[in-house]
Amino acid sequence: RLAKTRAARASLSRRGVSDQDAWDDLEEALLLADVGMPTTQDILSEAQTRAKDQKVTDLDALRPVVREVLLGVLGADNRALHLTPGACNVWMFVGGNGVGKTTTIGKLASTQVAEGHKVMLAAAATFRAAAADQLTHWAEQSGADLVRGEEGADPGSIVFDAMAAAGPRHIDLVMVDTAGRLHTKTNLMEELKKLRRIVERTPDSLREVLLVIDASTGQNGLAQARQFADAVDVTGVVLTKLDGTAKGGIVLAIQRELDLPVKVVGIGEGIEDLIPFDPEEFVDALLGD
């Protein structure tokens, strides 16, 4: 599924470790994968230092060095989606237009219901009727509860109603769908802050603020992540459409430059294709192993 992310494979198979052209090829491959220049330079510098310190001279020994460096960039963050048993948990989903927020919520809701949790979906994307209709479909399909309002209703009122209903209905998890927005629109980012404040009126309920990014947007996704993280204190990233792009290196840039862990990735259309992010599997795909 991650075949298109295998950017670095050729660069580690043509030349020797001491050949500068080999390092240039690796740099080019990482940039083409949308790792970004700052992160690419850090990776190359660290890999060259380790190769020198370990006296690496052949390709077979270089590949694990590069692998270790890439895994080091991704770090050992806890990538679990946090849910406290016996309490009302809230996951907010934010992001731009068309990145797959509503579909992501639907798939995760199906998974959580299947695991025995009582789930409620809050359709706070009120300015696009199709979004609420789509969320209604997912609620019916997964068996989740749903709170929605009329088209154009105040998103804050939807979140307020969902939070008010969660306790009496013994809901384990409220998943809040928000309207897609450009990260440069200040008034829309302020609206997200307002929705977060409404959730936080219930102490300790907000467990995740998940930024959904379309992997194919590459460095534009990094710019989005930076703005959303500043506005609403994002806890993790959902990266959709990773199977359909060669720009998967954005994972490394998001982790290094923003210190945001990618928690979930989409590698297909099915419910089972929204999976926890595995750094080792991703790095092995990137290197073509």
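Since the structure is predicted, the reported quantities are computational estimates derived from the model, not experimental observations.

(A) Inspection of the packing of aromatic side chains at higher detail. Taken as a whole and judged by the stated rule, the model has one aromatic pair. Residues Phe 277 and Phe 282 carry aromatic rings whose centres are separated by 5.5 Å and whose planes lie at 55° to one another, so their mutual orientation is tilted. The exposure class assigned to Phe 277 is buried, which follows from its relative accessible area of 7%. With relative accessibility at 2%, the residue Phe 282 sits in the buried group.

(B) Up close: helix H1 (residues 20–32). Helix length check: H1 (13 residues) gives 18 Å between terminal C-alpha atoms against 18 Å at 1.5 Å per residue, within 8%. Every buried residue belonging to H1 is among Ala 22, Trp 23, Asp 25, Leu 26, Ala 29 and Leu 30, and all of these are buried. An end-on view of H1 places all buried positions within 155° of arc, on one side of the element. Buried residues along H1 sit against helix H2 (37–53), helix H3 (59–74) and helix H10 (279–286). Where H1 ends, the next residue or the one after it, Asp 34, has phi of about 65°, a positive value.

How each quantity is defined
- Residues numbered from 1 in each chain as written.
- Predicted model: local features only at pLDDT ≥ 70, side-chain atom pairs only at ≥ 80, totals over all residues.
- Heavy atoms only, no water.
- Phe/Tyr/Trp six-rings, centres within 6.5 Å; stacked < 30°, edge-to-face > 60°.
- Buried < 20%, exposed > 50% of the residue type's maximum accessible area, 1.4 Å probe, protein only.
- Helix = DSSP H or I, 4+ residues; strand = E, 2+ residues; numbered from the N terminus.
- Expected span 1.5 Å × (residues − 1).
- Arc of directions from axis to C-beta.
- Contact = heavy atoms within 4.5 Å.

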